[in-house]
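In case you want the letters, here they are:
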Amino acid sequence: MGISMPKFTQQFMLLAALLIFVQNAFAIDQQKVLSALQTVVMVRGFNDTGGLSYGSGVVVAQNKVMTNCHIFRSTKQPWIARGEDTYDVFSVQADRWHDLCLLTTTNLPFKPATIVNGQDLKRGQDIISIGHSNGAPAPLTSAGVINSTYSFEGGRVIRSNAAFRMGASGSGIFDIEGNLLGINTFKTPGRHAYFYSLPIEWLASLEKLPVETTFPINGKAFWEEDDDKKPFFMQVALPEINEDWSKLAKVAQNWIDSEPKNSNAWYEMGIAQENMKKLDEAKAAYKQSVAIDATNTDSLFRLGAIAQAAGDKVVMHDINVAISNIDKNLAQEYSHMLGCELEC
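Residues take numbers from 1 onward in each chain, read along the sequence in its written order. Whole-chain, interface and lining totals are the exception, using all residues; otherwise, since this is a predicted model, local features are given only for residues with pLDDT of at least 70 and side-chain atom pairs are given and counted only at 80 or more. In computing side-chain values, all of the structure's heavy atoms are included and hydrogens and water are not.

1. Regarding the packing of helix α9 (residues 297–309) against helix α11 (residues 328–337)
The convention used is that axes are lines fitted to C-alpha atoms, helices contributing only their stretch in contact, and that angles between N-to-C directions extend from 0 to 180 degrees. Helix and strand assignments follow DSSP, with helices taken as H or I runs no shorter than four residues and strands as E runs no shorter than two, numbered in order from the N terminus. Relative to each other, α9 and α11 sit at 25°, their axes nearing to 10 Å. Between α9 and α11, the angle falls in the class roughly parallel. Judged by the sense of rotation from one axis to the other, the crossing of α9 with α11 is right-handed. Between α9, through Thr297, Leu300, Phe301, Arg302, Gly304 and Ala305, and α11, the contact on the second element is made entirely by Leu330, Glu333, Tyr334 and Met337. Angle categories are assigned with fixed cut-offs, so that under 35 degrees is roughly parallel, over 145 is roughly antiparallel, 65 to 115 is roughly perpendicular, and the rest are oblique. Two helices cross in a left-handed way if the nearer one is turned anticlockwise from the farther one by less than a right angle. They cross in a right-handed way if the turn is clockwise. We call two residues in contact whenever any of their non-hydrogen atoms come within 4.5 Å of each other.

2. Concerning the packing of aromatic side chains
Under the pairing criterion, centres of Phe, Tyr and Trp rings, with the six-membered ring standing for Trp, must be within 6.5 Å; the plane angle then separates stacked pairs below 30 degrees from edge-to-face pairs above 60, leaving the rest tilted. Counted under the stated rule, the structure contains 17 aromatic pairs. Judged by centre distance (5.8 Å) and plane angle (80°), the rings of Phe152 and Phe233 are edge-to-face. Here Phe152, found in strand β10 (residues 140–152), pairs with Phe233, found in helix α4 (residues 232–235); they are 81 residues apart in sequence, far enough to count as distant. The same class applies to Phe152 and to Phe233, which are both buried. Between Phe186 and Tyr196, the aromatic rings sit 4.8 Å apart at their centres with planes inclined by 10°, giving stacked as the arrangement. With Phe186 in strand β13 (residues 179–187) and Tyr196 in strand β14 (residues 195–199), this residue pair connects regions lying 10 residues apart in the sequence. Pair check on accessibility: Phe186 and Tyr196 agree, each one buried. An aromatic cluster is built from Trp97, Tyr150, Phe152, Phe186, Tyr196, Trp202, Phe222, Trp223 and Phe233, whose rings are joined through pairwise contacts. Put simply, a charge is over a ring when the Lys NZ or the Arg CZ is close to the ring centre, within 6 Å, and near the line of the ring normal, within 35 degrees. The ring of Phe110 has Arg82 lying over it, and the distance from NZ or CZ to the ring centre is 4.0 Å. Over the face of the ring belonging to Tyr194 we find Arg159, whose NZ or CZ atom lies 4.1 Å from the ring centre. For the exposure calls, accessible area comes from a 1.4 Å probe over protein chains only, and a residue counts as buried if that area is under 20% of its type's maximum, exposed if over 50%, partly exposed in between.

3. What about the environment of Leu248?
With respect to the helices and strands, the residue Leu248 is situated in helix α6 (residues 245–258). Given the relative accessible area of 0%, Leu248 is considered buried. Taking the C-alpha atoms as reference points, Leu248 and Cys69, separated by 179 residues in sequence, lie 31 Å from one another. In this view, Leu248 contacts Val236, Pro239, Glu240, Glu268, Ile271 and Ala272; residues no more than four positions away in its chain are not counted.

Below, the structure written as structure tokens:
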């Protein structure tokens, strides 16, 4: 007969194993990330058919848990859970359009997450997604980087490659110091998915909304709109993933017409033109992207690749210097991409 292990010990050992896995991905402060793990909880509730609905949430203040509203569309009595411990939800403040809900409970013994300003996020920044994917009893981690950020209605929506799955809606995306950057919410379909997290800046307006005590919580979120009504940063995703370059060029042009000063819009136009072998048009689009935002390293990388193809070592070097002034690690990645031994 095997020796049984206390639930708490099992979970602690699992968290330790997860930390070792993440630490192998990049250098982290174990204690800070462990503290971040301990701010993530499960959110549960029975649905209309008697089945169990579940998601994740992050403790953001004493007895306050931030999560996604879409979790509550079919449950009348949700609760918060950690292991075998449960905490009743007494009220909610709901921003249905932004798909963020702030739950209130009592006697929640967990410290809130440390929150930082999302305006300081960088492309290529190392991040960790922490949530209860597939309803796992202990939070699971996924390491990745920020692919891009998009200004949208007072915050910066994050796109990353740190995967999350069903059950992780409402979970947290953290930097490697354990600071909460956003709330994991939706993804594109398919194997090569893009993963999106909502900006933590929206918490400030969420806290000012009326208190509600009735569930379910219904209402369409912005990311559930018809394709032609979605934000442009969502409209470009599937054409890019599916390599439908003519469609991407069309969407990018619409984005540029609507927001001519948007650096990401010009970058997407550059990607479309480059893949359609229209290098002059691509180069012009990337240059416009950088003229609007000198820190758009995605556009700088592509300008470097075009310069390499043209044998222009002066431009390759100038771009390396520009990237190095933004992020030395990205400059090393740029040099590696172009095959330079030390730096271009």
